[in-house]
Every structure is written in structure tokens, then in C-alpha cells.
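Chain by chain, the residues:
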There are 2 protein chains.
Amino acid sequence: MNDEFYMQLALNKAWEFQILTYPNPAVGCVITDRNGKILSCEAHKKAGCLHAEPMAVFFALCALSGEFLAKFLDAYGAKFSQNFSGLDELKSAELEPNFTYEFILAYHANLLKGAKAYVTLEPCSHHGRTPPCAELLKRLNFGEVVIGARDENKIASGGAEILKNSGVRVKFDVLKDKALELIAPFRAWHDGNFSFLKIALSANGVANGGVISGEQSRTHVHKLRSVIDLLVIGGNTVRTDRPRLDTRLINGGENPDVLIFSRRQNFDESIPLFKVPGRNVKISDSLDFDAKLVMYEGAQYFLNMAAKREIPNLKWLLIYQSPNFKDGENLKIGLNLRPIFRGSFGDDSYMWCEILADTSKKAKFSVQSSANLCEP
Amino acid sequence: MNDEFYMQLALNKAWEFQILTYPNPAVGCVITDRNGKILSCEAHKKAGCLHAEPMAVFFALCALSGEFLAKFLDAYGAKFSQNFSGLDELKSAELEPNFTYEFILAYHANLLKGAKAYVTLEPCSHHGRTPPCAELLKRLNFGEVVIGARDENKIASGGAEILKNSGVRVKFDVLKDKALELIAPFRAWHDGNFSFLKIALSANGVANGGVISGEQSRTHVHKLRSVIDLLVIGGNTVRTDRPRLDTRLINGGENPDVLIFSRRQNFDESIPLFKVPGRNVKISDSLDFDAKLVMYEGAQYFLNMAAKREIPNLKWLLIYQSPNFKDGENLKIGLNLRPIFRGSFGDDSYMWCEILADTSKKAKFSVQSSANLCEP
């Protein structure tokens, strides 16, 4: 298998945490030992948590050495020492970054000497909330680091230089375009704003009539709500659905501020979204605001606006699609999309995509001209 | 990474050739060297071609030894010796099975001693059109063979015994349920009949109004047409679309026999499907026939029948879905599906799935009760 294969694994892992790492970029990392065996595949999950590289290093060391793992569990204290159920428990925990980083430096026992890391983004060189990743790979004597996209962030870049200067081989630009696309949201909010529109559909394009997507998809929506700066929703949706728009499906989620896009200012104040604690609600007929990371939730209305480029700074759509057919009307619009990443949450699929063109007129014409049911 | 990770890679590869291996089962194989590095990931592609194991063994040897590859290109003659563009060219070629098998035995140079094979189905023990795979793995001194599903086919089973008796470690039942699901079509046609319904949809559930899916999806449909025993299509579709239903997008494809499901026997004989060479066309209002592997092509009409369990022996749906929205009416039906496998062809996604239940009544009720646009 070539470098592209391992980089793709790292990219896929990073995409699982797209947006959720805000304000940090999504990053994935795969580590293979000196013989080419995969030891770990990890990602940065959340700002304030370990970066992708120390995550992958940590789990590579756990895979190589029961002694390393035992020592860690011991040092980490009671949290894991009783009834430890295995690595999956560690993976779902939020390891304390500085403690874990220092523990790795103290106990790696040179087990990763000559190993190879595939990182979707150039390892950072700066002391932020966590120590620099390039330094870690260097001090563990990695043999080679393969990088997807170069880091052009002035504060964090320079990691490749640190590595090269200490004799680590560095290869750039493996699946570079995909690696750049992964951090497009990061680059957009870093330079100003990243906005996306989330919709949920049945397999046959129905967006109304009760809950569409499964619990895993809805949990993902709540995770997104927890990190965004602002949630924008249409006034009619608020009146009809009386939503809560909170993060109750996740532990410790923060409830997002809400902007209700509406000309009419009067809303029934018993609608649940107004009573969610720790939230500001604004009602406005303008989409001109300052937030850096914005999620639009809606369907036909915002989709029509998006197709006409009437939503400022809208970059991507996030479409959840259930495998089920619902007996109802579909969203009516002609729209060409470019899929950027596809994944699944349980039985649902989801797709991050970009709007290419509004094809309403063309599509209407061809609907009138033929009823071609089978693509002969 | 654990055994499940590698077995999943083998399963994914096998699914790419689901149905296309008829009358053989779909099988995938991953080979790692004695140190755990992945050397190859291959599948059985077509009856009469190499099985998954010799395919994976061949490409593992190519990855390990330039000398092996050079000798093979030399021995295989002019086909590859001029302007050879690399392994991808070999991968897309149909290697002559017996020649390649014997070549492996002659030149493997013990390079795979101690290697590990992950096979979705127990390696075969019988001389069919190709020599037995268990014998090959044994003679190359593999250290371990990890098996997804046991082979219960009396002619081909016994491979694990051959391996165990010569000291190869054998591990069974890794991702067994998924491995059994992969060969469900094989087991169905082996015991009688496997029928599936293929539909193509836009992202918002529109199935008419011109071509829906992209060229890669349509090429896949032509590959399916080339292996099935019978294509069933509705009479109205034939009258409206005047389809050809051939295999023109692939080289050397066979055109399937067609059954037009219709009460009325009169059709305009200038409809292209009647002029396709090498084909029998039958017009019937009965779905009672003998074919072992049957594809239904259609949309609303057959989907309604499928939901009501009115298509005999229908096992699965195959749904191609483009990422685009088409401004038109969707298929109207309430139907719960269970996804079995999801993949993509270019920008389209596709899903093999099973029908769980017709939910028309329930869905109609919830459509009437609410216009919940955002899943609050």
C-alpha cells in the first residue's frame, strides 16, 4: 500500500470531527511502525484536547506495550484503574493534554524509533494549549513524517523545519488537495467566517413530517450546535415546529445563540427555544452579523436562498439522509452539488457538499419533456 | 489495528464486485507480511478470473519483489512488456488464472512465508476452473489465515482443514455476520433464485425526467446487465422511454434477456430493446420464471410492488443516488429500509438494502399532523 492509502485513512478519521474542533483545524494522523504495520489512526477531536499527533502516538505506544498502558492507567489515577474495559474506554475519554504529552516523553522507551507518521496537516511548532507536535515526533525519533497540507498559519507553521533539522525525513503534499479541502472551514473562519446549511432528508427527498434522521445523526447535530457561534433558523419554522434547538443529546453541551430570520418580530414566548438557559436570541430580517462559525438549520426556504446565493458567506451544505422513504412531498429545487465528503451515522448517510449551480430552469424543462423512469 | 480492521478492508473490496462474480460468490482478501504490513487488498472480480486469494498473493509478491514482477511481465509476453505503466495496468487486466497460479508457485521464492491472509470466505479446496486456494496458501507457507465466513458449499469446503493439517494457524468467524451478508446473494441463487430491484434517484427522490445518475453508476448497471440471467422491466416504462437496455458502456458485455411485465402484448417493434442482438424478449403478465439471477429495473411501479411483497423472491434493492436535486416530483411511498452496504461511483452514492416494512399509512399520518422542518 502506498502513502496515499494511509493518508486517506488519516483524512477519513479527521473528517469525523470536522467543525467540532473549532477554532482549531480538523487533523488526522496514522502511525506505522518501522516495518510498515499500522499502529494507530487518530484525530484531533475538540479544542483543548490532544492534537492528532500525540493522540496517535499515545495509542501507538499502548498498542506496542502493555507496560506503557499499565503505567499510564496507574499514573492517571482512579479514573481508569478500576474495571478498565480496554482501549475503547481510553479512546472515548478526554485525556488531559499536558499530562499525557509529558507522560509520553517520559515513558516512550524509544518504541517509535524509525516509525512513520502520516499527518493531514503539517505538525505544529508552537506552544499553544498543548506543546508542539513537531517537537514530540522529533524527540521520539520518528523516521519519516508524511504531510498532506503545509501549515500556512504563521503562528503554528515551521514544524517541518524542526523535523528536517533533526534528521527526520519529511514528505509533503500527499493527497494535498483533499488535505486542503479538509481544512477549508478552518481557513475560512480564520480569515473571517464559515457558514454552512444543515438539512435532513428521507431517501426520497422529504424534509418534513416529523423526525427524519436517526439518533446518531441528531447527536451529531447537537455536537455541532455546541461549538458554533450562532444558529440561524427561519421564522416560519420557529412558529410551526416550536423547536428547542438545544444540545440535550450530549453531555456538557453549550446551547448556541440563535438568530431567528424573520421580518415579524412577534413570537409566542412559550416556544421552547426562548427558555433554553445561557442563550441569546435575536430576531432579525438581516443576515449581516459578526459570528465566525454559523450553522443554518432549515430546508426548502434556506435551500432556495442558498441556490440563489442569498445567504452571505455560505460555503457548504451538510445533508443527512435516512435510508427510508417517507410518503410525502420532496424539497422542490434544481441544484447541482459537488460532494466533498461522505460518511454515515448508523443507518443514515451524510454528505458535506458545495453548491455548484441552480439548475431549476433546466430541470423543469426536462421534467416536462420526458418521463424517463429507467435511464435506458 | 485488530483483525476486524483488515477483514473490513477485504469485505469492502469484495463488495465492489457484488453480483458481478455470478455464479461465484463475492470474496475479498487482504495480505499482510509477517510484520503486519499490508501488502495487498484484492477481490474475485468475475467468474473464470482468479479467485481473491491468488489475486492478493500475486499483487503481494509484486509489491515485495521487482524481480517477481519483471519475470512475470517477461513471461506473460508482449501484452505488458512494452510501455508497461505500472501495477494499475496489471490490476485492470484479466490475468489468465492457471498461468498466473502456476507462475506464483514457480517464483514466489518463499517471500510470503509467515504472512497472514484475511479472507472473507473460507479458501476453496477444489479444482474448479482454477486450482484450490487453500493449497496455494499452504504451499507458500502462510503463517495464519483469518476467515470471515465458513464455506458450507460441499464442493468447495474443507480449505480450512487443508491449512490446519499443514500447520497454518486458522482463525474463524471474524466479522462473520458481515461476511455472511456478503455472500447472501450467492447462497440465494445457489439454492434457487436471487432477485433485486435497481432504482436511480436524485438527492431529493426524483426518479424521472432524464438521466439521473452519472456515467460510473450507469457503467455499473451495464456490468450487472451483462451477468444477470434476466432483466425485468415494466410495460409502461418500455412504451414511454423506448429503452435499449444493452451493455454498450462496457467492452464485451453480453446483452441480457428481457421480460416485459405487461398485460398488453402489443409493443412498437421499433423500440430499441427489441433490436439488440443475442437477446430473447418475452412479454408476460406473470413473474413466474426460472432464472437464477434477476434484476428488476424501474422505480415507482416496482417499488410499490416490492413494498407489498408482490415481487416473488425479491431480496434486495440497489439504489443509486446522485448528489443533485432535481426540480420534480419524488417517488411517493412509505418504506423502511435497512442499508447493507454503501459505496460510491464518482459523485453518486449507492446502497444495497433490504426492505423492512411498508410504512405508508404511518407516514401519511405524520405528514398530516405536522410540518416539522428542522427536527427540533
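Quick caveat: nothing in here was measured; it's all calculated off a predicted structure.

*Asks:* Looking at this model, I keep getting lost on unusual backbone geometry. Mind explaining?
*Replies:* Generally, phi is negative for residues other than glycine and the peptide bonds are trans, each holding for most cases. Note the cis peptide between A:Tyr22 and A:Pro23, where omega equals 5°. Relative to the assigned elements, A:Pro23 resides in the loop between α1 (3–15) and β1 (28–32). A positive phi angle is found at B:Ile19, which is not glycine, with a value near 75°. Examined against the element boundaries, B:Ile19 turns out to sit in the loop between α1 (3–15) and β1 (28–32). For B:Ile19, a relative accessible area of 0% gives the class buried.

*Asks:* Help me understand the sheet that holds strand β10 (residues 293–297) of chain A, please; the structure alone is not making it clear to me.
*Replies:* Hydrogen bonds along the backbone pair up the strands of a sheet, which may run parallel or antiparallel. Residues and elements named next belong to chain A. If you walk across this open sheet you meet the 8 strands as β9-β8-β7-β10-β6-β11-β13-β12, and the pairing is mixed. Each edge of the open sheet is held by one strand with a lone partner, namely β9 (281–284) and β12 (335–345). In this sheet, adjacent strand axes meet at a mean angle of 25° when their direction is disregarded. The sheet strands contacting helix α13 (residues 300–307) are β6 (194–201), β7 (230–234), β8 (258–261), β10, β11 (314–321), β12 and β13 (348–358), and the helix crosses β6 at an angle near 135°.

*Asks:* Would you mind going over the environment of B:Lys113 with me for this structure?
*Replies:* Residue and element names in this part refer to chain B. Among the structural elements, Lys113 can be located in the loop between α6 (97–107) and β3 (116–121). When the C-alpha positions of Lys113 and Val206 are compared, they lie 54 Å apart, and in sequence the two are 93 residues distant. In this view, Lys113 contacts Arg34, Leu140 and Asn141; residues no more than four positions away in its chain are not counted.

*Asks:* Mind showing me how you'd approach the pairing of strand β11 (residues 314–321) of chain B here?
*Replies:* Residues and elements named next belong to chain B. Extensive coverage of β11 is indicated by the burial of 7 of its 8 residues. The sheet contact formed by strand β6 (residues 194–201) and β11 spans 7 bridges and is parallel. In the strand pairing of β11, Leu197 is matched with Leu317.

*Asks:* Could you clarify how one ought to interpret the interface of chain A and chain B in this entry?
*Replies:* Taken together, the contacts link 78 residues of chain A with 78 residues of chain B. Interface area for chain A against chain B, summed over the two sides, is near 5900 Å², with a carbon-plus-sulfur share of 54%. Run the count over chain A and chain B and you get 2 salt bridges. Between B:Glu329 and A:Lys332 there is a salt bridge whose closest N-O contact spans 3.5 Å. Here chain A is connected to chain B by 17 residue pairs in polar contact (both at pLDDT 80 or more). With 6 residues, the top contributor of residues to the side of chain A that touches chain B is β12(A).

*Asks:* Hey, could you run me through the sheet that holds strand β5 (residues 169–171) of chain A in this one?
*Replies:* Residue and element names in this part refer to chain A. As summarised here, the arrangement of the 5 strands in space is β2-β1-β3-β4-β5, forming an open sheet in which the pairing is mixed. A single partner strand is all that each edge strand has here, and the edge strands are β2 (38–43) and β5. Recorded for the sheet is a direction-independent mean angle of 15° between the axes of neighbouring strands. As paired strands, strand β4 (residues 144–149) and β5 are joined by 3 bridges and run parallel to one another. Opposite Glu144, over in β5, you have Arg169 as the bridge partner. Along the sheet, helix α2 (residues 52–64) contacts β1, β2 and β3 (116–121); its crossing angle with β2, the most-contacted strand, is approximately 145°.

*Asks:* Would you explain the relation of the copies chain A and chain B in this entry?
*Replies:* These two copies of the chain differ by a rotation about an axis and a displacement along the same axis. Note on the copies: chain A fits chain B at an RMSD of 0.0 Å, the axial shift is 0.0 Å, and the rotation between them is 180°. This pairing of chains is accounted for by a two-fold axis. Of all interface residues in chain A, 100% are interface residues in chain B too; the two copies therefore contact each other through one and the same surface.

*Asks:* Which parts of the structure should I look at to understand the domain arrangement of chain A?
*Replies:* A common way to report how large an interface is uses the accessible area buried once the components associate. Residue and element names in this part refer to chain A. According to the domain assignment, chain A contains domain 1 (3–189) and domain 2 (194–355). Using only C-alpha atoms to locate each centre, domain 1 and domain 2 end up separated by 32 Å. With both chains or domains summed, domain 1 and domain 2 bury close to 1300 Å², and 73% of this area falls on carbon and sulfur atoms. Along the contact surface separating domain 1 from domain 2 lie 1 salt bridge. Between Arg338 and Glu181 there is a salt bridge whose closest N-O contact spans 2.7 Å. At the boundary of domain 1 with domain 2, the tally comes to 3 residue pairs in polar contact (both at pLDDT 80 or more). Listing elements by their share of the side of domain 1 that touches domain 2, those giving two or more residues are α1 and α10 (184–191). With 4 residues, α10 is the single largest residue contributor to the side of domain 1 that touches domain 2. Class assignment of the residues belonging to the side of domain 1 that touches domain 2 gives a composition of 8 nonpolar, 2 polar and 1 charged.

Rules and cut-offs
- Residues numbered from 1 in each chain as written.
- Chains lettered and ligands numbered in written order.
- Predicted model: local features only at pLDDT ≥ 70, side-chain atom pairs only at ≥ 80, totals over all residues.
- Heavy atoms only, no water.
- Helix = DSSP H or I, 4+ residues; strand = E, 2+ residues; numbered from the N terminus.
- Buried < 20%, exposed > 50% of the residue type's maximum accessible area, 1.4 Å probe, protein only.
- Pairing = 2+ DSSP bridges.
- Axes fitted to C-alpha atoms, helices over the stretch in contact; angles between N-to-C directions.
- Contact = heavy atoms within 4.5 Å.
- Buried area = accessible area lost by both parts, 1.4 Å probe.
- Salt bridge = Lys/Arg side-chain N within 4 Å of Asp/Glu carboxyl O.
- Polar contact = N/O pair within 3.5 Å; in protein donor to acceptor, adjacent residues only side chain to side chain.
- Least-squares fit on C-alpha atoms with pLDDT ≥ 70 in both.
- Domains from an automatic or database assignment.
- Nonpolar A, V, L, I, M, F, W, Y, C, P; charged D, E, K, R; others polar.

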